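Spelled out, the chains give:
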Amino acid sequence: MFIELLDGLRCTADHPQIPLVAAILQRDDRLVVQGVLGCPTCRREYEIEDGAVWFRDRTGGAGTGELLPSDDEGAIRVGAFLAVADGATIALVGDWARYAIELAELVGLRVYAVNPPEPIGESERVGTLYSNNRLPVTDGSLRGVAIDEARWSGDELRLAARALSPGGRMVAPAMLPVPAEMEEIARDDRWWIGEKRGPLVALHRR
Ligand SMILES: [Zn+2]
């Protein structure tokens, strides 16, 4: 994973976020190929193997075994759903992750490809990680999150919404609940699109 994408990763345990510490075993210029990320707070360790970071057990392997036919318009579709612009950082989860490279080049984004169904390669813009229903990134650091996985609970989606900055968008399967932090702005039979509400501002009256 590109070193600047690694910098944005955080421990998934339930404690205040602080930067992880990287022990780099093998690197290719600014891409970290092999190493370990350690959490100074809870001492959890996350392996970096072939450039991908593992926040879940590696025994299940990388693929989910459910590879659907690729959608020629997939990158454009998810880019439009998230309404992202040049310079933003987003996360594409599950089947959406396969469009990470194409979308990153198309729009000029940085993308965390989370649980891609097959290896997608990496670049300075795109890094792969594996994590069960958690986005191991800094709170408020993402402009968009697109999830194509069916088994996220309402609480897990609420945690995922914390990764978004105010006004950031989330796309998720229509069957999943919309977290209270998100305002639903569109829905069809497959997806809902939500926008994260901004912080409440106190109104002072005399
Ligand atoms: Zn930790």
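Residues numbered from 1 in each chain as written. Predicted model: local features only at pLDDT ≥ 70, side-chain atom pairs only at ≥ 80, totals over all residues. Heavy atoms only, no water.

1. Focus: the overall build of the chain
Secondary structure assignment for the chain yields 4 helices and 11 strands. For 206 residues, the compact-globule estimate of 2.2 N^0.38 gives 17 Å, and the C-alpha radius of gyration of the chain, at 17 Å, lies within 12% of that figure. For the C-alpha atoms alone, the extent of the chain along its principal axes is close to 60 × 50 × 30 Å. For the chain, with 206 residues in total, the buried portion stands at 48%. (Helix = DSSP H or I, 4+ residues; strand = E, 2+ residues; numbered from the N terminus. Rg over C-alpha atoms; globule rule 2.2 N^0.38 Å. Buried < 20%, exposed > 50% of the residue type's maximum accessible area, 1.4 Å probe, protein only.)

2. As for the pattern of salt bridges
One pass over the structure, following the stated rule, counts 12 salt bridges. Here Arg58 makes a salt bridge to Glu47, at a shortest N to O gap of 3.0 Å. Of this pair, Arg58 sits in the loop between strand S4 (52-54) and helix H2 (74-82) while Glu47 sits in strand S3 (residues 45-49), and the two are 11 residues apart along the sequence. By relative accessible area, which is 39% here, Glu47 ends up partly exposed. When the shortest N-O distance is used, the salt bridge between Glu183 and Arg197 registers 3.8 Å. Taken together, the residues Glu183 in strand S10 (residues 182-187) and Arg197 in the segment after strand S11 (191-196) connect sequence positions 14 residues apart. (Salt bridge = Lys/Arg side-chain N within 4 Å of Asp/Glu carboxyl O.)

3. Here's the deal with the coordination of the zinc ion
Tetrahedral coordination by four donors puts the ideal angle at the metal at 109.5 degrees, and octahedral coordination by six puts it at 90 or 180 degrees. Taken together, Cys11 (SG), His15 (NE2), Cys39 (SG) and Cys42 (SG) make up the protein donors of the zinc ion, found 2.1 to 2.3 Å from the metal. Bound by 4 donor atoms, the zinc ion shows angles of 105 to 113° at the metal and therefore tetrahedral coordination geometry. The sequence pattern formed by the donor residues of the zinc ion is C-x3-H-x23-C-x2-C. Taken as a pair, His15 in the loop between helix H1 (3-6) and strand S1 (21-28) and Cys42 in the loop between strand S2 (31-38) and S3 lie far apart in primary sequence, 27 residues in all. According to the relative accessible area criterion, Cys42 is partly exposed, its value standing at 26%. (Donors = N, O, S within 2.8 Å, 3.2 Å for Na, K, Ca; no water. Tetrahedral: all angles 85-135°; square planar, octahedral: opposite > 155°, others 65-115°.)

4. As for the sheet that holds S4
Spatially, S1-S2-S3-S4-S7-S6-S5-S8-S9-S11-S10 is the arrangement adopted by the 11 strands of the open sheet, whose pairing is mixed. This sheet does not close on itself; its edge strands, each paired only once, are S1 and S10. Neighbour-to-neighbour, the strand axes of the sheet open up by a mean angle of 20°, direction not taken into account. Here 5 bridges tie S10 to S11, and the two strands are oriented antiparallel to one another. By the bridge assignment for S11, Ala186 is matched with Ile193. Against the sheet, helix H4 (residues 154-162) engages strand S8 (142-148), strand S9 (164-173), S10 and S11, with an angle of about 145° to S9. (Pairing = 2+ DSSP bridges. Axes fitted to C-alpha atoms, helices over the stretch in contact; angles between N-to-C directions. Contact = heavy atoms within 4.5 Å.)

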